[in-house]
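So you can see what is in the structure, the chains are spelled out below.
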Amino acid sequence: MTQTRRRPSLFQPAVYRAVGSGASQIVGAIRPTLGPIGRVVAVERLLDKRGPEVLDSGGLIAKRIIQLSNPYTDVGAMFVRDLLWRLHDQEGDGVATAAVLFQAIFEGGVRHVTAGHNARRLQTFLEEGTRLVLDELARMAKPVAGKERLAHVAYTVCHDRELSDLLGEIFDIIGPYGRLEIRSGNTRSLEREYVEGMYWDRGVLSRDMISDWRRMRCDLEEAAIAISDLHLRTPEQVLPVLEQATRAGLHNLLVVADEISDSAMSLLLANNRPDRMRIVAVKTPGFGKEEQADVLTDLAVLTGGRPFLRTVGDTFERICVDDFGRARRVWVETQNFGVIGGKGDPRRLRRHLAALRAAFEGTLDIVQRGKLQARLGKLLGGAATLRVGGLSEREIEARKEAAERTAAAVRGALQEGIAPGGGAAFLACQPALRRKMAAASEPEERAAYGILVQAMAEPMRAIVANAGYDPGDALAEVRMAGPGYGYDVLTGRVVCMMEAGIVDPASVQKAAAYAALSGAALALTIDVIVHRTEQPSHASIRGPGQRKKL
Amino acid sequence: MKNVSVAVASGLVYALACAPSSIAHRLYFAATITGLQRSMDGGRSWADALAKLTLQAPLTATSVAFSPDFGEDCTLFVGAPGGVLRSQDAGENWRIATLPTPPPFVTCLAVSPNYRADGLVFAGAMEDGVLRSWDRGESWAAWNFGLLDLNVFALAVSPNFTEDDTLFVGVESGVFRSANGGRAWRETAFPMDAAPVLSLAISHDKTVILAGTEQNGLWSSRDQGESWQPVASWLERTAINTLHIEKCTNGGLALLALTGAAVWCSYDSGASWQKAEPNAGAALTCVAAPDGIHAGAELLLGTEDGHIWIVRAP
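Thresholds, definitions, all that
- Residues numbered from 1 in each chain as written.
- Chains lettered and ligands numbered in written order.
- Predicted model: local features only at pLDDT ≥ 70, side-chain atom pairs only at ≥ 80, totals over all residues.
- Heavy atoms only, no water.
- Helix = DSSP H or I, 4+ residues; strand = E, 2+ residues; numbered from the N terminus.
- Buried < 20%, exposed > 50% of the residue type's maximum accessible area, 1.4 Å probe, protein only.
- Contact = heavy atoms within 4.5 Å.
- Areas by Shrake-Rupley, 256 points an atom, 1.4 Å probe, with all protein chains shown as cover.
- Lys, Arg positive; Asp, Glu negative; His and termini not counted.
- Charge placed at Lys NZ, Arg CZ, Asp CG, Glu CD.
- Buried area = accessible area lost by both parts, 1.4 Å probe.
- Salt bridge = Lys/Arg side-chain N within 4 Å of Asp/Glu carboxyl O.
- Polar contact = N/O pair within 3.5 Å; in protein donor to acceptor, adjacent residues only side chain to side chain.
- Pairing = 2+ DSSP bridges.
- Phe/Tyr/Trp six-rings, centres within 6.5 Å; stacked < 30°, edge-to-face > 60°.
- Lys NZ or Arg CZ within 6 Å of the ring centre and 35° of its normal.
- Core = buried A, V, L, I, M, F, W, Y, C linked by side-chain atoms within 4.5 Å.
- Axes fitted to C-alpha atoms, helices over the stretch in contact; angles between N-to-C directions.
- Parallel < 35°, antiparallel > 145°, perpendicular 65-115°, else oblique.
- Left-handed = near helix turned anticlockwise from the far one by under 90°.
- Nonpolar A, V, L, I, M, F, W, Y, C, P; charged D, E, K, R; others polar.
- Disulfide = S-S within 2.5 Å.
- Arc of directions from axis to C-beta.
- Expected span 1.5 Å × (residues − 1).

Here the focus is the overall build of chain B. Counting its regular elements, chain B contains three helices and 28 strands. Each principal axis of the C-alpha atoms in chain B carries an extent, and together these give about 50 × 50 × 30 Å. Burial status across chain B gives 60% buried among its 314 residues. Taking all contacts inside chain B whose residues are at least 6 apart in sequence as the whole, residues at least 24 apart take part in 45%.

To continue, consider the overall build of chain A. Of regular secondary structure, chain A possesses 20 helices and 20 strands. With respect to the principal axes defined by its C-alpha atoms, chain A has extents near 85 × 70 × 55 Å. Total accessible area computed for chain A in this model is approximately 25,100 Å², and 49% of it derives from carbon and sulfur atoms. Separation between the mean location of the 73 positive side-chain charges and that of the 67 negative ones in chain A comes to 2 Å.

At the junction of the two partners, chain B supplies 31 residues and chain A supplies 27 residues. The three residues of chain B that bury the most area against chain A are F145(B), L148(B) and M192(B), which together make up 30% of that side's buried surface. Applying the counting criterion to the chain B and chain A interface returns seven salt bridges. With a closest N to O distance of 3.8 Å, E127(B) and R328(A) form a salt bridge. In this structure, the connection of chain B to chain A is made through 15 residue pairs in polar contact (both at pLDDT 80 or more).

Residue and element names in this part refer to chain B. Spatially, the four strands line up as an open sheet ordered β14-β15-β16-β17, and their pairing is antiparallel. Every interior strand has two partners, whereas the edge strands, β14 (152-157) and β17 (186-187), have only one. In this structure, β14 lies alongside strand β15 (residues 167-171), joined through five bridges in antiparallel fashion. Pairing of A156 across the sheet is with F168, part of β15.

Summed over the entire model, instances satisfying the criterion amount to 21 aromatic pairs over all chains. Ring plane angle 80 degrees and centroid distance 5.0 Å describe the contact between W234(B) and W273(B), whose orientation is recorded as edge-to-face. One end of the pair, W234(B), is in the loop between β21 (229-230) and β22 (240-247); the other, W273(B), is in the loop between β24 (263-266) and β25 (274-276), with 39 residues separating them in the sequence. W273(B) sits in the buried class, given a relative accessible area of 14%. In this structure an aromatic cluster arises from ring pairing among Y16(A), F79(A), F102(A) and F106(A). Geometry around F308(A) places R306(A) over its ring, the cationic atom sitting 4.0 Å from the centre. R136(B) extends its terminal NZ or CZ atom over the ring of Y115(B), reaching a point 5.1 Å from the ring centre.

Glancing now at the nonpolar core. Judged by nonpolar contacts, the single largest core of 88 residues is most densely connected at I30(A), L84(A), F102(A), F106(A), L126(A) and L433(A). Residue contributions to this core peak at twelve residues, all from helix α4 (residues 95-114) of chain A. Leaving out residues up to four positions away in the same chain, L84(A) has contacts with I26(A), I30(A), A62(A), V95(A), A98(A) and A99(A). Among the nonpolar cores identified, the runner-up in size contains 75 residues, and L230(A), V295(A), V301(A) and V171(B) belong to it.

The next subject is the pattern of salt bridges. Residues and elements named next belong to chain A. For the coordinates displayed, the defined rule picks out 46 salt bridges over all chains. Salt-bridge contacts for E169 lead to R192; the nearest nitrogen and oxygen are separated by 2.6 Å. You can see E169 sitting in helix α7 (residues 161-174) and its partner R192 sitting in strand β5 (residues 190-196), a full 23 residues away along the chain. Note on E169: relative accessible area 10%, which makes it buried. If you follow the salt bridges from partner to partner, you end up with D212, R215, R217, D219 and E333 in one network.

Before going further, it helps to spend a moment on the environment of A96(A). Residues and elements named next belong to chain A. Locating A96 in the fold gives a position in helix α4. The exposure class assigned to A96 is buried, which follows from its relative accessible area of 10%. C-alpha separation for the pair A96 and V332, spaced 236 residues apart in sequence, amounts to 45 Å. Residues contacting A96, with those up to four places away along its chain left out, are I30, T33 and L34.

This next bit is on the pairing of strand β26 (residues 284-288) of chain B. Residues and elements named next belong to chain B. By the criterion of burial, β26 is predominantly enclosed, with five of the five residues buried. In this sheet, strand β27 (residues 298-303) lies alongside β26 in antiparallel orientation, the contact comprising four bridges. Its bridge partner lying in β27, C286 is registered against G302.

Before going further, it helps to examine the packing of helix α1 (residues 14-30) of chain A against α4(A). Residue and element names in this part refer to chain A. Taken N-terminus to C-terminus, the directions of α1 and α4 make an angle of 155 degrees; their axes are 10 Å apart at the nearest point. By the angle between their axes, α1 is roughly antiparallel relative to α4. Like other packed secondary-structure pairs, α1 and α4 cross with a definite hand, here left-handed. Touching Y16, V19, G20, A23, S24, V27 and I30 of α1 are V95, A96, A99, V100, F102, Q103, F106, E107, V110, V113 and T114, all from α4. Here the contact of α1 with α4 is composed, by residue class, of 13 nonpolar, four polar and one charged.

The next subject is the environment of A15(B). All names here are of chain B. As for its placement among the helices and strands, A15 is situated in strand β2 (residues 13-18). When the C-alpha atoms of A15 and C286 are compared, they prove to be 5.4 Å apart, with 271 residues separating the residues in sequence. Excluding residues within four positions of it along the chain, A15 makes contact with F29, A30, A31, T62, S63, V64 and C286.

Applying the stated criterion to the full structure yields zero disulfides over all chains. C18(B) takes part in no disulfide bond, and the closest cysteine sulfur to it belongs to C286(B), at a distance of 10 Å.

To continue, consider helix α9 (residues 262-270) of chain A. Residues and elements named next belong to chain A. All buried positions along α9 are accounted for by A264, M265 and L268. On an axial view of α9, the arc spanned by its buried residues comes to 100 degrees, and they lie on one face. Those residues of α9 that are exposed and angled more than 90 degrees off the buried face are D262 and A270. On its buried side, α9 packs onto β8 (231-232), α8 (235-247), β9 (252-257), β10 (259-260) and β11 (278-283).

Attention now moves to unusual backbone geometry. Residues and elements named next belong to chain B. Between T101 and the following residue, P102, the backbone shows a cis peptide bond with an omega angle of -5 degrees. With respect to the helices and strands, P102 occurs in the loop between β9 (95-98) and β10 (105-111). Cis geometry is found at the peptide bond from A195 to P196, where omega equals 5 degrees. As for its placement among the helices and strands, P196 is situated in the loop between β17 and β18 (197-202).

Residue and element names in this part refer to chain A. Where strand β17 (residues 485-488) meets strand β18 (residues 493-496), four bridges bridge the pair, whose relative direction is antiparallel. Across the sheet, Y485 pairs through a bridge with C496, a residue of β18. Here β17 folds back onto β18 in antiparallel fashion, the turn holding four residues, of which G492 has a positive phi close to 75 degrees.

Turning to the packing of helix α13 (residues 393-416) of chain A against helix α20 (residues 506-523) of chain A, a few remarks are in order. Residues and elements named next belong to chain A. With their axes 7 Å apart at the nearest point, α13 and α20 run at an angle of 100 degrees to one another. Taken together, the axis directions place α13 and α20 in an arrangement best described as roughly perpendicular. Contacts between α13 and α20 pair A409, G412, A413 and E416 from the former with A506, S507, V508 and K510 from the latter. For the contact of α13 with α20, the class distribution of residues is four nonpolar, two polar and two charged.

Turning next to the side chain of S507(A). Residues and elements named next belong to chain A. Residue position: S507 is located in helix α20. S507 sits in the buried class, given a relative accessible area of 2%. A distance of 3.5 Å separates polar atoms of two side chains, one belonging to S507 and the other to E91.

On to helix α5 (residues 119-140) of chain A, then. The terminal C-alpha atoms of α5(A) lie 31 Å apart, and with 22 residues this matches the ideal 32 Å at 1.5 Å per residue to within 8%. The residue sitting at the N-terminus of α5(A) and contributing the capping side-chain oxygen is N118(A); that oxygen lies 2.9 Å from the backbone nitrogen of R120(A).

Purely geometric numbers; function is a separate question.
Here is the structure:
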């Protein structure tokens, strides 16, 4: 029988050494990438023998580091990796900033705890300080608008002029909630297109309904829409729809249903006559009853119709003309269908959108925010598609990844504004933190604010050092200039960052600060590391978690 | 001067427009339900401006807009159901641009103040939002991102459009603003309960935007549409079909508002109003002020029954 080797649990002070060492290895790999003159990191590939990946994105680097050889330092590394990965997925940027902040706070905290301060009290005051930092960052945020300014924000994230110009144009049109799809392109360059109206990834249910065989498409003008998630299994179940449509003299009819049996479809096809009434059927968009109900609600509000839902026992038996939604145009292809010019009550639509926006602002769940944003984007009357081309598949994938995280950052900037970049915003939090430190009544409180004061200089310190300048000299000059000033590493001068256009999305800064400060505060309270040799069967896969409302 | 009226159509006069740089020539156009009429003598007599098209049936004309450089390019645009007509010789010959189907009903037109450089023309439509042409009216596309209400009654372009790319639309549920040349729209805070907004006007210095509603009086904004207030001095509750604003000789603003029964003028930035009722026998639908807005100035009024009245401003 094979003996299972169990690793002994680790206790303080070895825990701090292990966690710190592991965190340092991750942070050490990411720190060089911070700033406009950052460096690149080569990461060995595990699955093939091609050359190493050369990365300049902190988030991607963090994802690539899967395990360290020492199981105890690996705990620290994975702790940091997890919070950086979540940040990357959530905001698309800010990972390197969070990494250097985490390291500064954790190391400062360890010094104080080993000197005798209470770790839990220190955590409490660090979390208080986190709230102060977030408030200060929010205070510095200014709204951003206009194609050029948005392109500039995009450029600070991706450093790709062509991509940032296109994203600036796109977000200037679609706005903070607009729908943007990023896809691989077939050419060498970037292309964008704008689609009018709202559309879904559901196509025609029967190709016999296609009228334009060259484009594989059917266009309906002044269309009536029967909105449902019903399963139409017999011709009798669909007959009332046809009767009402005929009685009302409708010429174009779209039937939305989750299932249509062959016999029911036969009835629709038999009545599909271009000279009398053109009929097209599509499957209900969405997966699951809840998502389908949301889609149908939105479609009903947009078109002024009534959704027929399986869950409440609806059938088409009592459908009347007023239940049909109406639209200026409906188009249906094999994979998609769209509605342009819904004729619902515009006041009702605007109130519905306001409710969705309020729900978006109020929810903490990342998945829920994604769903709400998708609904908002669809209802805003158009969508943009960015096709990312390149010379090779690898280049396309890399550029697509850059486009996606830049788009997330620009969207965040539109939603929450921009703030001085280059670490200047964090440096500008120092006066408020110093005031709290001066007024502190407990040693842990004074220590916590002292740690935060020191940590706030770390992002700028790292940016300046990466660019080859002396951080001490640079920070001294910046402090003399005052709040909002920072070091422009491209010119080697102290400038007002906002005026110089050196900015960051405020949402990214806040998310990075929160992830680092709260993560480090928590890490300071780790007292024991316990290793398991095998995964327990009841372990569940952790979800994407909640986005903290900052 | 006694009020004078001329019959120009067998039905509704949708819009009146006077060529901007030809006051001496008195060139006017009237968009009517039975076609486009042109006058070259200050509205005293009118003739079919589309005669050369040899149409089989009268073409309803719904709106007229002049190029800001009309004195040089002689260009004007006319909205019609399903299309926009362009003349580049002051209405002698016309070219028709067909709009994307289904045929939109064009309710209003506006030309960019920077038309010479950007070639932008905007058409508001009932149920189809705003269509935009970037090539001087040759081709058109709907740009309705963020325009949650596609029932457009009025368009107003910022006089500073060259710098700010801003324009406003009056719609069924309020007012929307575009800050990127009509490519995307955002809601303004105009109260939905006070809508529909039938008419809009922007002062030359952008300090005031006026919105005329169907039943809730006259509203103004002094912060680019961020907030709106009812104009306290306006007491009428009937539809405000047309609005004009211009700079007054006393340094303030001269305002002109048309309701179904009367034309109202204010020469003190809306603090007080004078009224003139032409007793036209039919509802008033549109107004043009070729000589500007001042007491005694000549005004042209279009009516529901196809007449054009020449009256004096109060």
